[in-house]
Protein chains: 2
Amino acid sequence: MAETLRLKSPADFIGKQGNGVISFGSGQPDLPPPKEAFEGLDLRKDLRYGLIQGELKLREALALEYPGSTADHFVITNGASEALDLIFRGWGKGEKVLLPRPYYYSYPPIIELAGMVPVYTDLIDGRIDIEDFRKKVQGCRAVLINSPSNPTGRVEDIATLKEIEKITAKLGVYVVSDEVYKDLIYERENYHIQGDHVITVNSFSKTYAMCGVRVGYLWSADKSIVENVCEMKTHTSMNTNLVGQDMALSAMRAPKEYIRQQQQIWRERRDFIYKGFCDLGFELWRPEGAFYILPKCKNAREFLTVLYQDYKVITYLGEWFGAPGHLRLSYALDVKMIEEGLNRIQMAMKKVQVL
Amino acid sequence: MAETLRLKSPADFIGKQGNGVISFGSGQPDLPPPKEAFEGLDLRKDLRYGLIQGELKLREALALEYPGSTADHFVITNGASEALDLIFRGWGKGEKVLLPRPYYYSYPPIIELAGMVPVYTDLIDGRIDIEDFRKKVQGCRAVLINSPSNPTGRVEDIATLKEIEKITAKLGVYVVSDEVYKDLIYERENYHIQGDHVITVNSFSKTYAMCGVRVGYLWSADKSIVENVCEMKTHTSMNTNLVGQDMALSAMRAPKEYIRQQQQIWRERRDFIYKGFCDLGFELWRPEGAFYILPKCKNAREFLTVLYQDYKVITYLGEWFGAPGHLRLSYALDVKMIEEGLNRIQMAMKKVQVL
């Protein structure tokens, strides 16, 4: 057998698709953006700097989706990534940020790049353990939550989210709520966690299948957060690209039916991959949102290597997401591809003991 | 007279144009982008993530402009701003960066946000004092130079640039060379400062009048710099927006004649505003590149206030650029507007003693 791959992060797989490769790696929709993203688009000919905070029309359109909000509560950013980066950079060096584990793989580096220190609360059965949360949140400047979650596919209970709201409000701890999968919930509506101490991070990437356009945003009722982020952004990237903002505004004209249709496709895939992995004998959580599964897997790195080298199947290591002993798979693939992937996984299971 | 404005930075003037205001503030071309930026543009319908490093075709096109380079030497960023931000974030906290003063107003905050410490070498007559440079550069991790310069309008002598190359190479100090005005030199061709210890920062914003699209890049022959920037960018913003990159590639199809024609317009404006300010009695340097003047001005804040409140003329304080006792003006305006602005300035000079 070939030597076990020394991959260090998902970035090692970028650009490795095509040529019969089936990738369960990529965290982005494979479906096309809504036609409205292009149809309504009137490409501006004046390409001078825009407002650092983001185009007013786009922020006004967003305010309609956040009850009680105005355009002033939003900053348009280069994807959710930049929103997170600037939020944490605005806080003090050495301060603590509480992070449920497993986590999205960029969270610890973003927090550390800002000079802050991640501390962890381990999920129980894929959900926040509110008693551990209550202990660990003491002395933190902020918590970062992600529901629906990449990589767990779990959606936190509304009762838990409300309890988090309450605990943090009492302690004066900020809640950074990354809700980029808010329109990809199979079980119920999103609960939008609220309060003056809440900073919501969101994006057009997943809802409208336009990851490469890099338009995200943050929402905050705390004026000092908005101003501080804009001040930093003036120096670190200026306005978010104007053409992308135009496309985002156009995409928002897509009917609600577009989002429902997308959800139907995702639900079908979810059911298919979940059953497939159960049938193969894996232990895993049934996804309630987003498009990820995180099955338990012995010898995960060896299995990943065999899958990639012998069967052209890309998977990610759970350990990149703080979940050693697991594999993390995205099901942003059509059902036929998922089926073929499952067949290959079944064959690879004869070579590596994974259960 | 009204109270003197307590403006703190150029950002306080953003969005204050229109309604008969003449703005000498804004550091961006008022001219339109070349028609090629739109004509050749085939808006992609697949908007999935692109390469973090930037689209290969765009980097290949850039490599043709940098002799001896390949696409691997470039990272496409959200404007020159993000390139600078990521470069400095890659270095050690507390390390020193040498900065000629006056400087572009975002430089100190970018360096400080990265946890580094700016140290200054004062320009003499708008040019780097190589003896002071030689002393101050000792113990620095990097120097940041900007020729042609915002706010001085000066272009460093080729002999000086070569001496900087040599001194820094010997000491193992990086040179970050911000050349966003490289195509806006009135006197001679740009000298592209070179070496494995050089990181060039550039942009499509000024050359092609597309600031709002936010496409810039860095060039480095040092693989570790390129890799480190890409690693950080994976977490902090992902790929630079794909539509903007398409527009940048399209814009590069504009003939060299486009750039020459632009230069002709800028030269005419330069001559007009320089003569105008000399005739009014101001002491200032004749711009050799970019589109800024930095006249000496007594009671600068008071004069700025009168100009803005009584004459609807926006100027920037030299102190925002490390040049107290000066005003900084951009001449990204057509000659008729510059003329009207000069008339208003002449009137305002009757109210405030500036010479």
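Residues numbered from 1 in each chain as written. Chains lettered and ligands numbered in written order. Predicted model: local features only at pLDDT ≥ 70, side-chain atom pairs only at ≥ 80, totals over all residues.

Undergrad: Got a minute to help me understand the interface of chain A and chain B in this structure?
TA: For an interface, size is often stated in terms of accessible area lost upon the parts coming together. Taken together, the contact pairs 44 residues of chain A with 44 residues of chain B. Elements with a minimum of two residues in the side of chain A that touches chain B: α3 (79-89), α4 (107-113), α7 (223-236) and α8 (242-251) of chain A. The element that contributes the greatest number of residues to the side of chain A that touches chain B is α3 of chain A, accounting for 5 residues. Each residue belonging to the side of chain A that touches chain B can be placed in one class, and the counts come to 22 nonpolar, 16 polar and 6 charged. (Contact = placed C-beta atoms within 7 Å. Helix = DSSP H or I, 4+ residues; strand = E, 2+ residues; numbered from the N terminus. Nonpolar A, V, L, I, M, F, W, Y, C, P; charged D, E, K, R; others polar.)

Undergrad: It is not clear to me how the environment of Lys296 of chain B should be interpreted in this structure. Could you clarify?
TA: Residues and elements named next belong to chain B. Relative to the assigned elements, Lys296 resides in the loop between β9 (292-293) and α10 (300-311). Under the C-beta neighbour-count criterion, Lys296 is labelled partly exposed, with 16 such atoms within 10 Å. Along the sequence, Lys296 and Leu355 sit 59 residues apart, while their C-alpha atoms lie 7.8 Å from each other. If we ignore the near neighbours within four places in the chain, the residues touching Lys296 are Phe282, Glu283, Leu284, Gly325 and His326. (Buried ≥ 20, exposed ≤ 12 C-beta atoms within 10 Å, placed from the backbone.)

Undergrad: Before we go on, may I ask you to explain the domain arrangement of chain A in this structure?
TA: All names here are of chain A. Partitioning chain A into domains gives domain 1 (10-32 + 256-348) and domain 2 (49-251). One C-alpha centre belongs to domain 1, the other to domain 2, and the line joining them spans 25 Å. On the side of domain 2, 25 residues touch domain 1, which itself brings 26 residues to the contact. Mapped by element, the contributors of at least two residues to the side of domain 1 that touches domain 2 are α9 (256-279) and β9 (292-293). Counting residues per element, the side of domain 1 that touches domain 2 draws most heavily on α9, at 5 residues. By residue class, the composition of the side of domain 1 that touches domain 2 is 16 nonpolar, 6 polar and 4 charged. (Domains from an automatic or database assignment.)

Undergrad: Got a minute to help me understand the packing of helix α3 (residues 79-89) of chain B against helix α7 (residues 223-236) of chain B in this structure?
TA: All names here are of chain B. Put simply, α3 and α7 touch, their axes get as near as 9 Å, and they point 110 degrees apart. As the angle between them shows, α3 and α7 are arranged roughly perpendicular. Where α3 approaches α7, its residues Leu86, Ile87 and Arg89 are matched on the opposing element by Val229, Met232 and Lys233. Residue composition of the contact of α3 with α7, grouped by class: 4 nonpolar, no polar and 2 charged. (Axes fitted to C-alpha atoms, helices over the stretch in contact; angles between N-to-C directions. Parallel < 35°, antiparallel > 145°, perpendicular 65-115°, else oblique.)

Undergrad: Is there a simple way to think about the nonpolar core in this case?
TA: What tends to happen in soluble globular proteins is that the nonpolar side chains get buried as a cluster. Counting 200 residues, the largest nonpolar core has Val97, Val143 and Met210 of chain A together with Val97, Val143 and Met210 of chain B as the members making the most contacts within it. Residue contributions to this core peak at 7 residues, all from α10 of chain B. Residue contacts for Met210 of chain A: discarding those within four places in its chain leaves Pro33, Ala37, Phe204, Ser205, Met247 and Ala251 of chain A together with Leu47 of chain B. (Core = buried A, V, L, I, M, F, W, Y, C linked by C-beta atoms within 7 Å.)

Undergrad: Where do I start with the pairing of strand β7 (residues 198-203) of chain B in this structure?
TA: Residue and element names in this part refer to chain B. Of all 6 residues that make up β7, 6 are buried, and the element is covered over most of its length. Residues Val198, Thr200 and Asn202 line one face of β7 and the alternating positions Ile199, Val201 and Ser203 line the opposite face, and both faces are buried. Pairing geometry for β7 and strand β8 (residues 216-220), over 5 bridges, is antiparallel. Residue pairing in the sheet places Asn202 in a bridge with Tyr217 of β8. (Pairing = 2+ DSSP bridges.)

Undergrad: How should the relation of the copies chain A and chain B be read in this particular structure?
TA: When chain A is brought onto chain B, the operation consists of a screw motion whose angular component is 180 degrees and whose axial shift is 0.0 Å, with 0.0 Å RMSD remaining. Accordingly, the operation relating the two chain copies is best matched by a two-fold axis. The share of interface residues of chain A whose copies in chain B are also at the interface is 100%, consistent with both copies meeting through the same surface. (Least-squares fit on C-alpha atoms with pLDDT ≥ 70 in both.)

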